[in-house]
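# Summary of the model geometry
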Amino acid sequence: MLIRRRRGWEIAEREATPESVFLNRRAILAAGGFGLAALALPRAPRAEDADPGASLFPAKRNPRYTIERDVTPEDINLHYNNFYEYGTDKDLAAAAEALKTRPWTIAIDGLVEAPKTVAIDDLFKAMTFEERLYRHRCVEAWSMTVPWTGFPLAALVAYAKPLSGAKYVRFETFMDPAMAPGQNEPFYPWPYVEGLTMAEATNELAFMVTGAYGKPLPNQMGAPIRLHTPWKYGFKSIKSIVKVSFVEEQPLNFWQQLQSSEYGFWANVNPEVPHPRWSQATETVLGTNQRIPTQLFNGYGAFVADLYKDLQGQPLYM
Ligand SMILES: Nc1nc2c(c(=O)[nH]1)N[C@H]1C(S)=C(S)[C@@H](COP(=O)(O)O)O[C@H]1N2
Ligand SMILES: [Mo]
C-alpha cells in the first residue's frame with residue numbers, strides 16, 4: 001500500500017486558500033483545547049521535515065494584491081517554466097531536481113554600510129511573509145496568475161542598509177555548472193543577472209518570492225528565493241538568487257548581454273510596443289485557450305507609472 005506522508009504545510013489545500021486555513025485555525029482555537037491537543041500530538045522527526053522554512057507556510061494573503069483572474073493551476077505552473085540553467089524546455093521540473101537549495105546563502109555587498117552574507121533561513125526569519133496574487137507576463141506572450149509567498153524587496157533593501165550613492169540593485173543567480181547543466185552551454189552569459197533602479201526596488205510591488213501555492217518555492221520556480229516584478233516582462237524576475245549588490249552603474253542583464261537589440265534594462269510590459277519578432281498586444285493565458293489583451297504595465301500602472309514619468313527618452317518597454 002502506498003502511504004503518502006504529510007508535510008507541515010499540507011494542512012493547506014494544494015490551491016492557494018490561506019484564508020480558509022486561517023479560518024480553520026481560528027475555529028480550532030475557538031473550539032478550545034480539543035483541537036489544540038490534537039495538533040500538539042508528538043510526531044517522530046521525518047526526512048520531509050528537513051526544509052527549515054516549511055513552518056513559515058502558508059502565509060496570510062494580502063488582499064491589496066488580489067486580482068480578478070483565475071489562479072493558474074499549480075500543475076500547469078509546475079511544468080511550464082523558464083529556467084535556462086536547466087535547459088530550454090518548458091517542462092524542466094525533473095532537471096531542476098538537481099538544484100540543491102540548502103545550505104544557501106545570500107551575499108549583500110557593494111554600496112552598503114557593511115557587506116554581509118546571510119544564511120537563507122536566517123533571512124527568512126528576519127522577514128514577514130505574506131501571500132500575493134500577481135499576474136506574471138513573459139516576453140514570449142504567455143501569462144499566468146500565481147499566488148506567491150514572500151516579502152517586499154523594500155524590506156530586503158532596508159535590511160541591507162545601502163549608502164546614498166547606490167543607484168541600482170543588481171541580482172545574481174548561483175553559478176554551478178555541476179548542479180545546473182545549462183550553465184555548461186557557453187553560448188549564454190552565465191551567471192544570470194538582473195537589475196532594478198533603487199526607486200523600482202523600493203516600489204511596493206517588487207517582491208522577493210520564497211514560495212508559491214502556499215508552500216516553499218519548488219526548484220523549477222527559482223528556489224529558494226527569486227524576484228517578481230509583475231509590471232515587467234518575466235525575464236526581470238531572476239531566480240535562485242545568491243547575491244544582491246548595491247551599485248552605481250546600471251547592471252547589464254543576462255538577456256541584454258545576449259541580444260541587446262531585443263531585450264533591454266527596463267522591460268516594462270506595453271501592448272503597443274512589439275518585440276522585434278512578435279506582437280505584445282495579446283497574451284495566451286496558460287491553462288486555458290484564451291488569448292486576452294495585454295495591459296500597459298501588465299495592469300499595474302496605478303502602482304508604477306510614476307516611476308517612469310521623467311524617463312520618457314529611455315527604451316522603457318523592451
Ligand atoms: N536564473 C534565471 N532566472 C530566470 C530565468 C532563467 O532562465 N534563469 N528565466 C526568466 C524568465 S524568461 C521568466 S518568464 C521567468 C519564469 O518564471 P516561472 O518559471 O516561475 O514562470 O523567470 C525568469 N527568471
Ligand atoms: Mo520570460
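Residues numbered from 1 in each chain as written. Chains lettered and ligands numbered in written order. Predicted model: local features only at pLDDT ≥ 70, side-chain atom pairs only at ≥ 80, totals over all residues. Heavy atoms only, no water.

Of all residues in the chain, 84% attain a pLDDT of 70 or more, and the chain-wide mean is 88. Across residues 1-43, confidence stays below pLDDT 50; counting only partners more than four residues off in sequence or on other chains, it has 38 contacts. Scored below 50 in pLDDT, residues 45-49 makes six contacts in the model with residues more than four places away or belonging to other chains. (pLDDT = per-residue confidence, 0-100. Contact = heavy atoms within 4.5 Å.)

To continue, consider the site of ligand 1. As a structural note, the neighbourhood of ligand 1 is formed by 18 residues, with Tyr84, Glu85, His136, Ser237 and Lys239 the closest of them. Between ligand 1 and threonine 173, the relevant distance is 3.0 Å, taken from a nitrogen atom to a side-chain nitrogen or oxygen of the residue. For ligand 1, the accessible surface in isolation is 530 Å², of which the surrounding protein chains cover 99%. Here the element with the most residues in the shell around ligand 1 is strand S4 (residues 142-152); it accounts for three residues. Taken together, the residues of the shell around ligand 1 sort by class into nine nonpolar, six polar and three charged. (Near = heavy atom within 4 Å. Polar contact = N/O pair within 3.5 Å; in protein donor to acceptor, adjacent residues only side chain to side chain. Areas by Shrake-Rupley, 256 points an atom, 1.4 Å probe, with all protein chains shown as cover. Helix = DSSP H or I, 4+ residues; strand = E, 2+ residues; numbered from the N terminus. Nonpolar A, V, L, I, M, F, W, Y, C, P; charged D, E, K, R; others polar.)

Another point: the nonpolar core. Core analysis: the biggest nonpolar cluster contains 80 residues, and Leu153, Phe171, Ile225 and Phe246 have the highest contact counts within it. The element that contributes the greatest number of residues to this core is S4, accounting for five residues. Not counting residues up to four positions away in its chain, the partners in contact with phenylalanine 171 are Leu153, Tyr192, Val193, Glu194, Gly195, Leu196, Met208, Leu227, Ile238, Ile241, Lys243 and Val244. (Core = buried A, V, L, I, M, F, W, Y, C linked by side-chain atoms within 4.5 Å. Buried < 20%, exposed > 50% of the residue type's maximum accessible area, 1.4 Å probe, protein only.)

What follows deals with the packing of aromatic side chains. All told, the structure shown has 26 aromatic pairs when counted by the stated rule. On the basis of an interplanar angle of 80 degrees and a centroid distance of 5.5 Å, the ring pair of phenylalanine 235 and tyrosine 263 is categorised as edge-to-face. You can see phenylalanine 235 sitting in the loop between strand S9 (226-228) and strand S10 (241-247) and its partner tyrosine 263 sitting in the loop between helix H7 (254-258) and strand S11 (282-285), a full 28 residues away along the chain. A residue is classified by how much of its surface remains accessible, and phenylalanine 235, at 6% relative accessible area, is buried. Put simply, the rings of Tyr84, Phe187, Tyr188, Trp190, Tyr192, Phe235, Phe254, Trp255 and Tyr263 touch in pairs and so form one group of aromatic residues. Directly above the ring of tyrosine 159 sits lysine 116, whose terminal nitrogen or CZ lies 4.4 Å from the centroid. Sitting over the face of the ring of phenylalanine 265, lysine 236 holds its NZ or CZ atom 4.3 Å from the ring centroid. (Phe/Tyr/Trp six-rings, centres within 6.5 Å; stacked < 30°, edge-to-face > 60°. Lys NZ or Arg CZ within 6 Å of the ring centre and 35° of its normal.)

Residues apart from glycine generally show negative phi values, whereas peptide bonds are mostly found in trans. Note that the residue after tryptophan 190, namely proline 191, is joined by a cis bond; omega there is -5 degrees. Within the secondary structure, proline 191 is located in the loop between strand S5 (168-173) and strand S6 (193-197). Omega for the peptide link from alanine 223 to proline 224 comes to -5 degrees, which places this bond in the cis form. Residue placement: proline 224 occurs in the loop between strand S8 (215-216) and S9. Here the phi dihedral of lysine 161 falls at roughly 55 degrees; this positive angle occurs in a residue that is not glycine.

Most of S6 sits out of view: five of its five residues are buried. Burial along S6 is two-sided: the face carrying Val193, Gly195 and Thr197 and the face carrying Glu194 and Leu196 are both buried. Bridge count between S5 and S6: five bridges; the pairing is antiparallel. When the bridges of S6 are listed, phenylalanine 171 appears paired with glutamate 194. (Pairing = 2+ DSSP bridges.)

Let us look at the pattern of salt bridges. A complete count under the given rule lists 15 salt bridges for this structure. A salt bridge links glutamate 200 to lysine 232; the shortest N-O distance between them is 2.8 Å. Highlighted residues: glutamate 200 in helix H6 (residues 198-201) and lysine 232 in the loop between S9 and S10, separated in sequence by 32 residues. The exposure class of glutamate 200 is buried, given its relative accessible area of 1%. The exposure class assigned to lysine 232 is buried, which follows from its relative accessible area of 1%. When salt bridges that share partners are traced, they join Arg69, Arg137 and Glu283 into one network. (Salt bridge = Lys/Arg side-chain N within 4 Å of Asp/Glu carboxyl O.)

It is worth spelling out the side chain of histidine 228 at this point. With respect to the helices, strands and loops of the structure, histidine 228 is situated in strand S9. On the basis of relative accessibility, which here comes to 1%, the residue histidine 228 falls in the buried class. Here histidine 136 takes part through its side chain, which lies 3.4 Å from a polar atom of the side chain of histidine 228. At 3.0 Å, the side chain of histidine 228 forms a polar contact with the side chain of tryptophan 148. Once residues within four sequence positions are removed from consideration, histidine 228 is found in contact with Tyr134, Arg135, His136, Trp148, Leu205, Ala206, Phe207, Val209 and Ser237.

Let us now look at the sheet that holds S6. Spatially, S2-S1-S10-S5-S6 is the arrangement adopted by the five strands of the open sheet, whose pairing is mixed. Looking at strand neighbours, the two that pair on one side only are strand S2 (116-119) and S6, the edges of this open sheet. Strand-to-strand twist across the sheet, computed as the mean angle between neighbouring axes with direction ignored, equals 20 degrees. (Axes fitted to C-alpha atoms, helices over the stretch in contact; angles between N-to-C directions.)

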